[in-house]
Amino acid sequence: MAGRNGRTVRDLRRGNRTAVLQRLYFDGPLSRFELGPATGLSSGSVSNVVAELIADGLVEEAGSVDSDGGRPRILLRVAPGSGHMVGVDVGETRVRIGLFDLTLTELARAERPLAQARYEVDGIVGHVRDGVAEVLEGAGIGPERLLGVGIGVPGIVEHTPRTGAVVHGQTIGWDAVPLERLLRDGSRLPDDVPYFIDNGARTLGQAEMWFGGGRGARSAIVVLFGSGVGACLVAPEVEQGRAVEWGHLTVRVRGRRCRCGALGCLEAYAGAEALLERWREEGGGSVPEDADEETALAAMLAGAYPAEGEAADSGALAVLEETAEYVGAGLSDLINLFQPERILIGGWAGLQLGTRFLPAVRRHAAAYALRHPARKVTVDLGRLGPDAVTVGAAILPLADFFARGGRRAEPAPEDPASARDDSLAERVAP
C-alpha cells in the first residue's frame, strides 16, 4: 500500500535498513541507543531493524560499553564476512583486480600488465575474467557470495536495455564496446551476479568521498591523472558523482593534437603520455623505448629534481613547470564553473608528480580563477594511493547493496538501464 508520497511500507522498511546499515558502516560500532539519534528513527524502529539485520547475518555484536548507572550497552557493527565485492581498475599500464569483504578489507588481488596494444578489447575482457576467477579462488570465496563486480574504465559509459554497459572510449579506440555483454559471454560467474561499470574517474571520486580526502565535503572535484586526464564532480545535486571529460577542455587554440583527435586539449599537455612525449622533444629521456609510462615518468622526475650535487635535466624541469601552469589553468575552469570546496588530485601520475608539483599548480589555479571561489577551495593530493580506483569500483556494488537495505540484487528486469538508474538515484552518500 502506498502512502501520500507514493512510498510503500516496503520502501519505508528498506529505507530504515539502509539508514541503520550506513550509520553502522561509517560511524560504528554503535549501540542501539546511539543509532536512534544517528538515524532519526524511533527506538522501536531501531530495535526491529537491528533484529532483522542480525537475523540476516549483516550485523553482529562488537563488545559493550558502560552506561550511566545502567546495564552495559551492546555495540553493533556491520559483519565483514556477510558480503563480498570485486573491484577492477582498467588502467593505463595494468588491469588491477581486488576482492574485498563488506568493510572493504582486501582479501586477494591480481594484476595483469598491459602490453603496447594495451586496450585491445578481447585482451582486456580476458584479463578481467581471469583476474576475477583468480581472486575468488585465492580467497576461497564462492562466486555465489558476490554482491557484484565493479569496474572502472576510461571513457564514457552508458547503459542500454539490450547489452548493458557500453563504453565509448574515443582516446583508446573503443567505439561503443558492449563491455558488460562481452564479460558475461563465457563468464564463470552466475548470471545473477551484477556488473557495475563506470568511468574510472568516477570510481576514484567515489573512493575519495567515502574514505579519503573528500569525506565531509558537500562539494568536491576529484581529478584523475594517468596517461590521460579525467575528473569526477560531487555536489549536493549530484551526490553520487558525475564523470567530467575535463581532459578534453580546450586550453590552447590550434595547439597540440590530443589522443581524441582534437587540437589543444588539456590532456595533450597534462596527461602522462603527452608529458613524456614533450620531454623527449626537449631532448630528454634516457629511458628505454619499451619502458612503461610509470617508469619513464619516475625517470623524468628524478632528472628534474636530482639528488643534491647532481645537475638537473633542464628540459624535464621546463616541461614540468609548463605542465603545472596548464593544470592550474584547467583547475581554474573547474573552480569558476562549479565552485567546489575541495579539489583532490589522484591517479598514478598525479601521485607520482606529488607534493613537488602541487605548489606551482595551486599558484597557477589561483592566478587564473576568479578570486572569490579561489579563496574558498583547497587543492590537495588524494589520500587513498594507487589502489583508489579499484576500491572505488568495489564501492559501486556495495552502494547498491546498501540502497537495497542490505538485500542482494534481484534478477534484472526487462529494462536493466532503467533499474540501474533508479538504484543510483537512491544511493545516499556518507
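The sections below set out a description of the structure shown in this document. Throughout this document, residue positions are counted from 1 along each chain, in the order its sequence is written. In keeping with the model being predicted, local features are shown solely for residues with a pLDDT of at least 70 and side-chain atom pairs are shown and tallied solely at 80 or more, while totals for entire chains, interfaces and linings include all residues. Excluding hydrogens and water, the side-chain figures rest on all heavy atoms present in the structure.

Turning our eyes to something else, we now look at the sheet that holds strand β5 (residues 94-101). A pair of strands is considered paired only if DSSP assigns at least 2 bridges between the two. Secondary structure elements are defined from DSSP: runs of H or I of at least 4 residues count as helices, runs of E of at least 2 residues count as strands, and each element is numbered from the N terminus. What the 5 strands build is an open sheet, ordered β6-β5-β4-β7-β11; its pairing is mixed. Sheet topology places β6 (106-113) and β11 (195-199) at the edges, where each strand pairs with a single neighbour. Within this sheet the neighbouring strands show an average axis-to-axis angle of 15°, counted without direction. Summarising the sheet, strand β4 (residues 84-90) and β5 pair through 7 bridges and their orientation is antiparallel. By the bridge assignment, V88 is partnered in β5 with I97. Angles run from 0 to 180 degrees between N-to-C directions of axes, and those axes are lines fitted to C-alpha atoms, restricted for helices to the stretch in contact.

Here a salt bridge means any side-chain nitrogen of Lys or Arg lying within 4 Å of a carboxyl oxygen belonging to Asp or Glu. Scanning all chains against the criterion turns up 26 salt bridges. Two residues, E52 and R13, come together in a salt bridge whose shortest N-O distance is 2.8 Å. Within this pair, whereas E52 is found in helix α3 (residues 43-55), its partner R13 is found in helix α1 (residues 9-27), the two being separated by 39 residues in sequence. When accessible area is computed with a 1.4 Å probe and restricted to protein chains, residues below 20% of their type maximum are described as buried, those above 50% as exposed, and intermediate ones as partly exposed. On the basis of relative accessibility, which here comes to 26%, the residue E52 falls in the partly exposed class. The shortest N-O distance in the salt bridge between R362 and D380 comes to 2.9 Å. Remark: D380 occurs in strand β16 (residues 378-381) and R362 occurs in helix α11 (residues 348-368); sequence separation between them is 18 residues.

Below, the discussion takes up the packing of aromatic side chains. Any Phe, Tyr or Trp ring, taking Trp's six-membered ring, that has another such ring centre within 6.5 Å forms a pair; planes under 30 degrees apart are called stacked, those over 60 apart edge-to-face, and the others tilted. The full count for this structure, using the stated rule, is 10 aromatic pairs. Taken together, a centroid distance of 6.4 Å and an interplanar angle of 70° make the contact between Y25 and W210 edge-to-face. With Y25 in helix α1 and W210 in helix α6 (residues 200-211), this pair connects stretches of sequence that are 185 residues apart. As far as the burial class goes, Y25 and W210 line up, both buried. Their ring planes at 65° and their centres at 6.0 Å tell us that W210 and F211 sit as a pair that is edge-to-face. Cluster of aromatic residues (ring-pair linked, three or more members): Y25, F26, W210, F211, F401 and F402. Definition used: whenever NZ (Lys) or CZ (Arg) falls within 6 Å of the ring centre and also within 35 degrees of the ring normal, the charge is taken to sit over that ring. It is R73 that lies over the ring of F33; its NZ or CZ is 3.9 Å from the centre.

This brings us to helix α4 (residues 121-139). What a helix should span is 1.5 Å times the count of its residues minus one. With 19 residues, α4 extends 28 Å from end C-alpha to end C-alpha; this agrees with the ideal 27 Å at 1.5 Å per step. Listed as buried for α4 are I124, V125, V128, G131, V132, A133, V135 and L136. The criterion used for residue contact is that any of the two residues' heavy atoms lie within 4.5 Å. Contact partners of the buried residues in α4: β4, β5, β6, β7 (146-153), β10 (174-177) and α5 (179-184). Distance and chemistry together define a polar contact, namely a pair of N or O atoms within 3.5 Å, with one atom able to donate a hydrogen and the other to accept it when in protein, and with adjacent residues in sequence counting only for side-chain atoms on both sides. Its side-chain oxygen at 3.2 Å from the backbone nitrogen of D122, E120 defines the N-terminal cap of α4.

Take the layout of surface pockets next. Roughly 730 Å³ of volume is contained in the second largest pocket. In this structure, the second largest pocket is lined by 43 residues; those nearest its centre are E92, V153, P154, G155 and L224. Among the elements of the structure, β4, β5, β7, β9 (164-169), β10, α6, β13 (229-235) and α13 (388-403) are those that each provide at least two residues to the lining of the second largest pocket. Classification convention: Asp, Glu, Lys, Arg as charged; Ala, Val, Leu, Ile, Met, Phe, Trp, Tyr, Cys, Pro as nonpolar; all other residues, Gly among them, as polar. In terms of residue class, the lining of the second largest pocket is made up of 19 nonpolar, 15 polar and 9 charged. The way it works is a 1 Å grid over only the protein atoms, where trapped points that fit a 1.4 Å probe form a cavity and open points with protein on both sides within 12 Å along at least five of seven lines form a pocket, and then any residue with an atom within 4 Å of a point lines it. Grid points are joined across faces, edges and corners, and a volume is the space filled by probe spheres set on the points.

Attention now goes to unusual backbone geometry. Here the bond from G28 into P29 is cis, since omega is 0°, no more than 30 degrees from zero. Looking at the secondary structure, you find P29 in the loop between α1 and β1 (30-31). Positive phi outside glycine occurs at R254, with the angle close to 55°. Among the structural elements, R254 can be located in the loop between β14 (238-244) and α7 (267-270). What makes R254 exposed here is its relative accessible area of 74%. Although it is not a glycine, Q339 adopts a positive phi angle of roughly 50°. Relative to the elements of secondary structure, Q339 occurs in the loop between α10 (314-338) and β15 (342-346).

The next thing to look at is the pairing of β9. The element β9 is extensively covered by neighbouring structure, given that 5 of its 6 residues are classed as buried. Judged from the 5 bridges that link them, strand β8 (residues 156-160) and β9 form a sheet pairing that is antiparallel. The partner of T160 across the bridge, within β9, is G164. Taken together, β8 and the strand that follows it, β9, pair antiparallel across an intervening segment of 3 residues. Pairing geometry for β9 and β10, over 2 bridges, is antiparallel. Looking at β10, one finds that V167 is bridged to V177. Between the end of β9 and the start of β10, which pair antiparallel, lie 4 residues, with G173 showing a positive phi angle near 80°.

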